[in-house]
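Chain by chain, the residues:
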Amino acid sequence: METRPLINLLADGAFHSGAELGARLGISRTAVWNHVQAVQKLGIQVDAVRGKGYRIPHGLDLLHVGQLLAGMGPVARAMIRDVDVFDVVDSTNAVAASRLKAGGEGGYACFAECQTAGRGRRGRSWVSPYATSIYFTFVHEFLRGFPAIDGLSLVVGVSVAEALEAAGCRGVGLKWPNDLVAADAKLGGILIEVYGDVGGPCRAVIGVGINVDLSSVDMPPLDQPLIDLLRIGLPRGRRNDLAIALLNGVSLAVRDFERDGLAGFLSRWQRFDCLLGRPVNVFAGGEPIPGSAEGIDQTGGLCVRTEAGVQVFRSGEVSVRGVR
Ligand code: BTN
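Here goes a summary of the coordinates provided. (Residues numbered from 1 in each chain as written. Predicted model: local features only at pLDDT ≥ 70, side-chain atom pairs only at ≥ 80, totals over all residues. Heavy atoms only, no water.)

### A closer look at the overall build of the protein chain
So the rule is basically this: Numbering of helices and strands starts at the N terminus; helices are DSSP runs of H or I of at least 4 residues and strands are runs of E of at least 2. Throughout this description, buried means an accessible area under 20% of the type-specific maximum (1.4 Å probe, protein chains only), exposed means over 50%, and partly exposed covers the range between. Residue contacts follow a heavy-atom distance rule, with two residues in contact if any of their heavy atoms lie within 4.5 Å. Accessible areas in this description were obtained via Shrake-Rupley with a 1.4 Å probe; residue shielding takes into account the shown protein chains only. Positive residues here are Lys and Arg, negative ones are Asp and Glu, while His and the chain termini are left out of the count. Where a charge sits is defined by one atom per residue type, namely NZ (Lys), CZ (Arg), CG (Asp) or CD (Glu).
Counting secondary structure elements, the protein chain contains nine helices and 14 strands. Reported as C-alpha extents along the three principal axes, the dimensions of the protein chain are approximately 70 × 45 × 35 Å. Across the 324 residues in the protein chain, those meeting the buried criterion constitute 52%. The long-range fraction of contacts in the protein chain, counting pairs at least 24 apart against all pairs at least 6 apart in sequence, stands at 65%. Here the protein chain has roughly 14600 Å² of accessible surface; of this, 51% comes from carbon and sulfur atoms. Charge-centre separation for the protein chain: the mean point of 33 positive side chains lies 3 Å from the mean point of 33 negative side chains.

Structure representation (C-alpha cells):
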C-alpha cells in the first residue's frame, strides 16, 4: 500500500477529517482507515479522534529533494551527479551498492525517511524509524586507489561533527573509529563499504546515520544509551538544512582527503575526540586491552598507553571504562 500520499497530508500535524483525506486522495473513508493503519505500521503515531479526524502529533519534518538540490554548493554539485530521497528502503547503503552493481558510478547521494534493514558496523542492524533521523549514503569513486579506508571514516566523522556544530548542536564528540556521540551517548554512526580494488580504482559507499528526534520512538533495547540532535540544541524542523549541510560538508571533506590525505584533518579530529586522556578498554579481537587514550596518529590509528607502552590500533571497538 502506498502510504506516502497520506503521510504528506498529515505531516503538518493538524487534524484532517476522514472525508477530507478521502477526497484529497481519491479513496473511500474505509480505505483512508486502512492507509492510516499502514502508516502506523511504519512506527508513526497517528491519533484518530472522533469528530476531529486524524493527525500525526507534532507533524513530521519530511525531506524534499528540491530543497536539497537547491542548497548544494559548488563542490557538492561538482562531486554529486544524482541525489535521491526515498521514502522506505531496506538500507540506503544497500540501494547505493545495487546501483553500483547495475553499472552506476560514483557521484551519487541518497537519503531515506525510513530503513527496514538498516546496517550498522560489524554486522549489527541500525534501527531506522520514520522521519526521526537522517539516513544518508554518499558514493565516491577513488580513481587513483584508496590509500586508507580507516582514514576516510575519520574524515567523514570530522565533516559530520562540524556540520552538526554549525547547525547549532552543542557537545558533539567523535569516538574512534567512527561513532558520533554526545554526553557519552550514541548520536550516530558511519558505515563505509568499499567495492572494487582497494589498491586500484574503487568506490566507497559512505553511510551516515544520525538520530534527530527519538522522543516519540519506541526503540528496542540497545547495548548503549542513545541521544538525539534535538536534545543537544538543534531547532525543530531542520532536517532539510541538516541534509544539505551533510551533502556540502561530506563532499568537501572527501575531495580534500583525496587530494591532500589525512594530515589536514588530524587537528580537526582532536577538537571532537571524546576519548582523549580517558581510561579505555580496546576490543581488538582477543581480551579487552585497558589503557589511556592518547589521540590518533598520522594514519588515523588510535594511540593507547597500555602496560606494554603506547600501542596503536588500526581497527577495533573502544569503550570508556566506567561508562556503560
Ligand atoms: C554504526 O554501526 O555505528 C554505523 C551505522 C550506520 C548507519 C547508516 S544509516 C544510512 C546508511 N545505511 C545503512 O544501512 N547504514 C548506514
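Now that the structure is up, let's keep going.
### Comments concerning the site of the ligand
Formally: It suffices for a single heavy atom of a residue to lie within 4 Å of a molecule or strand for the residue to be listed as near it. Pairing of N or O atoms within 3.5 Å defines a polar contact, subject to two protein rules: one partner must be a possible hydrogen donor and the other a possible acceptor, and residues neighboring in sequence count only if both atoms are side-chain atoms. Three residue categories are used. Nonpolar comprises Ala, Val, Leu, Ile, Met, Phe, Trp, Tyr, Cys and Pro, charged comprises Asp, Glu, Lys and Arg, and polar comprises the others, including Gly.
Residues in close proximity to the ligand total 20 residues, the closest being Ser 91, Gln 115, Arg 119, Arg 121 and Lys 186. Ser 91 places a polar side-chain atom, nitrogen or oxygen, 2.7 Å from an oxygen atom of the ligand. A distance of 2.7 Å is found between an oxygen atom of the ligand and a side-chain nitrogen or oxygen belonging to Lys 186. With the chains in place, 99% of the 410 Å² that the ligand exposes on its own is no longer accessible. With four residues, strand 8 (residues 185-196) is the largest single contributor of residues to the shell around the ligand. Looking at the shell around the ligand, its residues break down into six nonpolar, 10 polar and four charged.

### What about the packing of helix 7 (residues 149-166) against helix 8 (residues 239-260)?
Worth spelling out the cut-off: Axis angles are defined between N-to-C directions and span 0 to 180 degrees, where every axis is a line fitted to C-alpha atoms and, for a helix, only to the segment in contact. Should the near helix be turned anticlockwise from the far one by less than a right angle, the crossing is termed left-handed; should it be turned clockwise, right-handed.
Relative orientation of the contacting elements helix 7 and helix 8 amounts to 145°, with a least axis distance of 9 Å. Helix 7 and helix 8 meet at a crossing whose hand is right-handed. Residues Gly 151, Leu 152, Val 155, Ser 159, Val 160, Ala 163 and Leu 164 of helix 7 pack against Leu 242, Ala 245, Leu 246, Gly 249, Val 250, Ala 253, Val 254 and Phe 257 of helix 8.

### What about the pairing of strand 12 (residues 302-306)?
Remark: a regular strand shows side chains that alternate across the two faces of the sheet. Spelled out, the test is: In this analysis, strands are considered paired if DSSP registers two or more bridges between them.
Strand 12 sits mainly inside the fold: four of its five residues count as buried. Pairing of strand 11 (residues 289-296) with strand 12 involves three bridges; the strand directions are antiparallel. Residue Ala 293 lies in a different strand from strand 12, and its bridge partner there is Val 304. Between strand 11 and strand 12, which pair antiparallel in sequence order, lie five residues; one of them, Gly 300, sits at a positive phi of approximately 95°.

### Description of the sheet that holds strand 12
Strand order in the open sheet formed by five strands is 13-12-11-10-14, with antiparallel pairing between adjacent strands. With partners counted over all chains shown, the strands left at the sheet margins are strand 13 (309-313) and strand 14 (317-320), one partner each. Strand-to-strand, the axes of this sheet are offset by a mean angle of 45°, without reference to chain direction. Pairing analysis gives four bridges linking strand 10 (residues 279-283) to strand 11, with the strands arranged antiparallel. For Pro 279, the partnering residue across the bridge sits in strand 11 and is Ser 292.

### Considerations on the nonpolar core
Condition: Working definition of a nonpolar core: buried Ala, Val, Leu, Ile, Met, Phe, Trp, Tyr and Cys residues. They are joined through side-chain atoms within 4.5 Å. For the purposes of this description, domain bounds are those given by an automatic or database domain assignment.
Phe 136, Leu 164 and Leu 229 are the most contacted members of the largest nonpolar core, which totals 68 residues. Both domains that furnish three or more residues to this core are identified here as domain 2 (65-270) and domain 3 (275-320). With residues near it in sequence (within four places) discarded, Phe 136 still touches Thr 92, Ala 109, Cys 110, Phe 111, Ile 206, Gly 207, Val 208, Leu 246, Leu 247 and Val 250. Ranked by size, the runner-up nonpolar core spans 18 residues in total, among them Val 39, Leu 62, Tyr 130 and Ala 131.

### Some points on the sheet that holds strand 8
Strand order in the open sheet made by the seven strands is 3-4-5-9-8-7-6, with mixed pairing throughout. The open sheet has two edge strands, strand 3 (82-89) and strand 6 (173-175), and neither has a second partner. Each strand axis lies, on average, 20° off the axis of its neighbour in the sheet, ignoring direction. Relative to strand 7 (residues 179-182), strand 6 runs antiparallel, the two being bridged by three bridges. Residue pairing across strands places Leu 174 opposite Leu 180, the latter belonging to strand 7. Across the sheet, helix 8 is in contact with strand 4 (108-115), strand 5 (133-142) and strand 9 (202-211); its angle to strand 5 comes to roughly 25°.

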